Amino acid sequence: MSKSFTRYTGTMAPLPIQNIDTDQIIPASYLKVTDRSGLASGLFSRWRYLDGDPEGEPISDFVLNRAEHGEARILLAGDNFGCGSSREHAPWALVGYGFRAVISTSFADIFRSNALKNGLLIVPVAEDVSASLFDAVAADPATEVTIDLKARTLSLPDGGETNFEVDPFARRCLLDGTDQLGYLLNQAPAIRAFEAANAARLDTRSG
Amino acid sequence: MSRARTLFEKIWRRHLVTAEERGLPATLFIDLHLVHEVTSPQAFTELAERGLAVRRPDLTLATMDHSTPTDPSIDTARLRVLDPEGSAQLDQLEANCERYGIPLYAMGDERRGIVHVIGPELGATQPGMTVVCGDSHTSTHGAVGALAFGIGTSEVGHVLATQCLLQHRPKTYEVRVDGRLQEGVVAKDIILAVIAKLGIGGGTGHVFEYTGEAIRALDMEGRMTVCNMSIEGGARAGLIAPDDVTFDYLEGRPMAPSGEAWEAALEDWRSLPTDGGAVYDRTAMVDGSSLEPMVTYGTNPGMAIPIAGAIPEDEAVEPEKRASFRKALDYMALEPGQQLEGKPIDVVFVGSCTNSRYSDLAAAAGILRGRKVADGLRVLVVPGSDAVKRQAERDGLAQVFVDAGAEWREAGCSMCLAMNGDQLAPGQYAVSTSNRNFEGRQGAGGRTFLASPLTAAASAITGRVTDVREVLS
Ligand code: SF4
C-alpha cells in the first residue's frame, strides 16, 4: 500500500451526506481482521449492498455502484466526514478500494490523522467550493479536478484554483515518504532523557 | 509568577519530549497506553516486521472487551466454533502480550472489563497523566483529570514502540454547566444536551474542559459518562479538574499510589486545576437547572431532544442539512414533528463504557426494583467490568434485574457495537444507554434511541420511550 501522494487528477464520487461516520465507512463486523486487507468489499457496505452483504445485490443508485462514478478515485463528501470511532480500518477500506483523496468541508480529527498516515489525502475546502464541486459533478460526472499536494492546490472545474490546508509535517511525509514511526524512533535520545527526568513519577505509576 | 494556565496546558507541557516548532509536531510522552483486541493486531504485526520491542510494557495495559461474548454459556471452546475470527483476535492479543511482556486481563481474569471502565476502576488512570488507547472513547479517562484521547492503529504502533506520539497542540474549549440538575436528570442528559447544542463536529480540533456547578456536583462515574461522549461532540478529549471527589474515588484503588507516594501525588494533583484568569480558546455555557431527560431521535448523537419534546420540523433545520436530516428520519422510520415519548420499542440495552458502571446499574435497578419489564420486550443489562458484575451480584442488583425479567450478562462492549452477536434485528427500536446511534451501530437495520440509565429502565417497564419522571412521581 503506497503511503505517498504528490499529485492526482481524476473524477469524483459525490456523497452529499453530512457527518458520515466510520461505522458507515466500514461496519464493525469487518473489524475482526488481524491484517489490513480484505476491507475494500466492506467499504460503505450497508449503503452499497442489499442487507449490507457484499455477496448480495448491489444497491443500484448508491454512488459507488453507478457506472458513471465507477472509476472515481476522489470521494466528495458532506461536512464532518469520518466522525465517530477511531478505527483505522476506515482509511484502510477507502484506500483498499482505490480512493486517493477525500474532499469535504471538514473532517473529524482522528479520521484525518489516520487517513494521512495511509496515503489518503484529506482536502478541506470552503462551503462554496464544496457546493460548486457537487454541482459540477451532478452536471457532468466526468468532471475532473487536480489535487496538487506540493502546491497545496485543488484545480476547480471552472478553470480556477483553490488552496487547501494540510498539516505541514503530514504533507512532508506524504511527499517524500518519510516514515512517521522512523522519525519518532530517531528521537530515542530525547525520549530517554525525558524518562530519566521523570523516572520517579513514571515508576510510581507502574506500581 | 508564571502565567495562568488551563488544566490542559499544564498536562500538555509536562509531557513534551520535544515542543512543536516550525510545522513539526510535538513529541508527547504517554503515561498509560491501554490496548484491546480489535485495534491492536496490525500494530503488533508492524512491530514484529520491523524487529522492534515494546518500549514500556510497564506503562501498557491490555484487556479483552469488544468482541468478547457476554452470554455466560459461551466459553472459550464454544467461542472458537461460534466466532472463529473474533476468537483468533483474542488469541492474537494474548500471544502479543505474552511476547512483549504486556499485562493482560484476559477472559476469566477478575480485573477484565471494558477498557474505559477498568482504567479508572483499577486506579490506573490518574490526574495529570496522558492516556491513549486505540479507541475513540478514551476521552472517558479525562474524568479523573487526565489528558486522554483515542488514536488509530498506526499510532498504537507508535506508542508501543516509542511510548510517544507526534501531536499538534489542540485548542481548548470550556464547556460550563451551571445550576442544579432537576430530579430525573443525570450526567447522560447533560452530555446529550451539550452535544445537541454544540453539534457533533462542534469540538473538532479542541479539548473540552467541563466546568461549573453541575459538573462539580457529579460523582466520578457521572463525570466519566460526560467525558466519555466528548468524542461525540467532535472533541478528542474531555477533561474535568481533579478535586476531592476525584481523590476520594482513587484512594486505595489497586494501581493508585499509596503511603508517602499518595501524599506526594495529592500535592501534585492539587496544582493541576485551571488557574484563575487562564483563557480558553472557546467557551460555551449550558444552564444545568433547565435541562430535562434527553433522548436521541436520529442517527448521530447530536440529534437529541428533551424527552417531552418533539422531533424538529423540516423548517427548523438549516436548508443545507435538510437532506441528511431526512435521511436520518427515513432510516429511523420517524417523521418531522413527531413525539418520541410513547413510541413502542423492542429492546432496552443498559451497558457500554458510557453507562455500565455500578452507579448506572444501581440507578436502573432503583427503577426496576419490584417491577417487571414489559411483555415481549428484550432487556439486556451488561456490566462494564467483571468487578462491577461481582459487586452488583453481591449487593442484589443483579437479582433485581433478573426478577424484573431482564437478561444479566457477562462484562463487555456487547450491543454497543454489536460485534459479538448481541445485536438488534433489522427494524427493531432500542432505548440504549450507549453512545452511538449511527445507522446499524447496534446491528444492521437496528434503530437506537440513546438515553440515560433512568430513561432506559423506565422504558423497560412500559415497553415504550418513557419519561422517567412519570415513574418517579
Ligand atoms: S462500550 Fe462501545 S463505545 Fe465503549 S469501548 Fe466498547 S464498543 Fe467502544
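Residues numbered from 1 in each chain as written. Chains lettered and ligands numbered in written order. Predicted model: local features only at pLDDT ≥ 70, side-chain atom pairs only at ≥ 80, totals over all residues.

Draft legend 1. Structural context of the overall build of chain A. Along chain A, the regular secondary structure elements total nine helices and seven strands. The buried share of chain A, reckoned over its 207 residues, is 45%. A sequence separation of at least 24 residues applies to 65% of the contacts in chain A between residues at least 6 apart. (Helix = DSSP H or I, 4+ residues; strand = E, 2+ residues; numbered from the N terminus. Buried ≥ 20, exposed ≤ 12 C-beta atoms within 10 Å, placed from the backbone. Contact = placed C-beta atoms within 7 Å.)

Draft legend 2. Broad picture of the overall build of chain B. A tally of helices and strands in chain B yields 17 helices and 19 strands. For a compact globule of 473 residues, the expected C-alpha radius of gyration is about 23 Å, and chain B comes in at 22 Å, within 12% of that figure. Across the 473 residues that make up chain B, the buried fraction comes to 61%. Taking contacts inside chain B between residues at least 6 apart in sequence as the whole, the part at least 24 apart equals 77%. (Rg over C-alpha atoms; globule rule 2.2 N^0.38 Å.)

Draft legend 3. Layout of the packing of helix α13 (residues 358–368) of chain B against helix α15 (residues 397–404) of chain B. Residue and element names in this part refer to chain B. For the pair α13 and α15, the least separation of the axes is 9 Å and the interaxial angle reads 45°. Judged by the angle between their axes, α13 and α15 are oblique. With respect to the hand of their crossing, α13 and α15 are arranged in left-handed fashion. Of α15, the residues touching α13 (which contributes Leu-361, Ala-362, Ala-365 and Leu-368) are Leu-397, Val-400, Phe-401 and Ala-404. The residue inventory of the contact of α13 with α15, partitioned by class, reads eight nonpolar, no polar and no charged. (Axes fitted to C-alpha atoms, helices over the stretch in contact; angles between N-to-C directions. Parallel < 35°, antiparallel > 145°, perpendicular 65-115°, else oblique. Left-handed = near helix turned anticlockwise from the far one by under 90°. Nonpolar A, V, L, I, M, F, W, Y, C, P; charged D, E, K, R; others polar.)

Draft legend 4. Geometry of helix α14 (residues 386–394) of chain B. All names here are of chain B. Asp-386, Ala-387, Val-388, Lys-389 and Ala-392 are the residues of α14 that are buried. In this fold, the buried residues of α14 make contact with α5 (115–121), α13 and α15. Looking at the residues trailing α14, positive phi occurs at Gly-396, about 90°.

Draft legend 5. Quick peek at the sheet that holds strand β9 (residues 171–178) of chain B. All names here are of chain B. Here four strands make up an open sheet; going across it, the order is β11-β10-β9-β12 and the pairing parallel. Each edge of the open sheet is held by one strand with a lone partner, namely β11 (237–239) and β12 (282–287). For this sheet, the mean angle separating the axes of adjacent strands, direction not counted, is 20°. Along the sheet, helix α1 (residues 7–14) makes contact with β9, β10 (206–211) and β11, crossing β10 at roughly 130°. (Pairing = 2+ DSSP bridges.)

Draft legend 6. The arrangement of the site of the ligand in detail. In the neighbourhood of the ligand, 13 residues make up the surrounding shell, with B:Ser352, B:Cys353, B:Cys413, B:Cys416 and B:Leu417 lying closest. When the residues that make up the shell around the ligand are grouped by side-chain class, the tally is five nonpolar, six polar and two charged. (Near = placed C-beta within 6 Å.)

Draft legend 7. Spatial organisation of the packing of helix α2 (residues 41–50) of chain B against helix α6 (residues 153–162) of chain B. Residue and element names in this part refer to chain B. The geometry of α2 relative to α6 is characterised by a closest axis approach of 8 Å and an angle of 50° between their N-to-C directions. Viewed along their axes, α2 and α6 adopt a mutual orientation that is oblique. Where α2 crosses over α6, the two elements pack in a sense that is right-handed. Counted together, Gln-42, Ala-43, Glu-46 and Leu-47 of α2 and Thr-153, Val-156, Gly-157, Leu-160 and Ala-161 of α6 form the full contact between these two elements. Here the contact of α2 with α6 is built from residues that sort into five nonpolar, three polar and one charged.

Draft legend 8. The arrangement of the nonpolar core in detail. A:Leu76, A:Val102, B:Val295, B:Val348, B:Phe401 and B:Ala460 are the most contacted members of the largest nonpolar core, which has 207 residues in total. With residues up to four places along the chain from it excluded, the contact list for B:Ala460 reads B:Val348, B:Leu368, B:Val373, B:Ala374, B:Leu377, B:Val379 and B:Ala406. (Core = buried A, V, L, I, M, F, W, Y, C linked by C-beta atoms within 7 Å.)

Draft legend 9. View of the interface of chain B and chain A. Counting residues at the interface gives 61 residues for chain B and 49 residues for chain A. Among the elements that line the side of chain B that touches chain A, the one with the most residues is α6(B), at six residues. Grouping the amino acids of the side of chain B that touches chain A by side-chain chemistry returns 22 nonpolar, 29 polar and 10 charged.

Draft legend 10. Spatial organisation of the pairing of strand β18 (residues 429–432) of chain B. Residue and element names in this part refer to chain B. Alternating residues of β18 divide into Tyr-429 and Val-431 and Ala-430 and Ser-432, and every residue in both groups is buried. Note: β18 against strand β19 (residues 447–450), four bridges, orientation parallel. Its bridge partner lying in β19, Val-431 is registered against Phe-449.

Draft legend 11. Representation of helix α4 (residues 109–116) of chain A in the model. By the criterion of burial, α4(A) is predominantly enclosed, with eight of the eight residues buried. For α4(A), every residue scored as buried is listed here: A:Asp109, A:Ile110, A:Phe111, A:Arg112, A:Ser113, A:Asn114, A:Ala115 and A:Leu116.

Draft legend 12. Up close: the confidence of the model for chain B. Of the residues in chain B, 100% reach a pLDDT of 70 or more, and the chain-wide mean stands at 97. Taken over the whole predicted complex, pTM reads 0.97, whereas the ipTM for its chain interfaces reads 0.96. (pLDDT = per-residue confidence, 0-100.)

Draft legend 13. Examining the sheet that holds strand β6 (residues 130–133) of chain B more closely. Residues and elements named next belong to chain B. Spatially, five strands are ordered β5-β4-β3-β6-β7 in an open sheet, and the strand pairing comes out parallel. If you trace the sheet from one side to the other, it starts and ends with β5 (104–105) and β7 (147–150), each paired once. Relative to strand β4 (residues 60–63), strand β3 (residues 32–35) is paired through three bridges, and the arrangement is parallel. Pairing of His-33 across the sheet is with Thr-60, part of β4.

Draft legend 14. Examining the environment of B:His158 more closely. Its location among the elements puts B:His158 in helix α6. For B:His158 and B:Ala88, which are 70 residues apart along the polypeptide, the C-alpha to C-alpha distance reads 24 Å. With sequence-adjacent residues up to four places away left out, B:His158 is seen in contact with A:Gln180, A:Leu181, A:Leu184, B:Cys164 and B:Leu165.

Draft legend 15. Unusual backbone geometry, seen in detail. Phi is positive for A:Arg152, close to 55°, though the residue is something other than glycine. Within the chain, B:Ser352 stands out as a residue other than glycine whose phi angle is a positive 85°. Within the secondary structure, B:Ser352 sits in the loop between β15 (347–350) and α13. Accessibility expressed as a C-beta count within 10 Å gives 28 for B:Ser352, which makes it buried.

Draft legend 16. Structural detail: the environment of A:Ala138. Mapping A:Ala138 onto the fold places it in helix α5 (residues 127–139). Considered as a pair, A:Ala138 and A:Thr34 are 104 residues apart in the sequence and their alpha carbons are 39 Å apart.

Draft legend 17. Layout of the environment of A:Glu71. On the secondary structure map, A:Glu71 appears in the loop between α2 (45–48) and β2 (74–77). Along the sequence, A:Glu71 and A:Pro54 sit 17 residues apart, while their C-alpha atoms lie 19 Å from each other.

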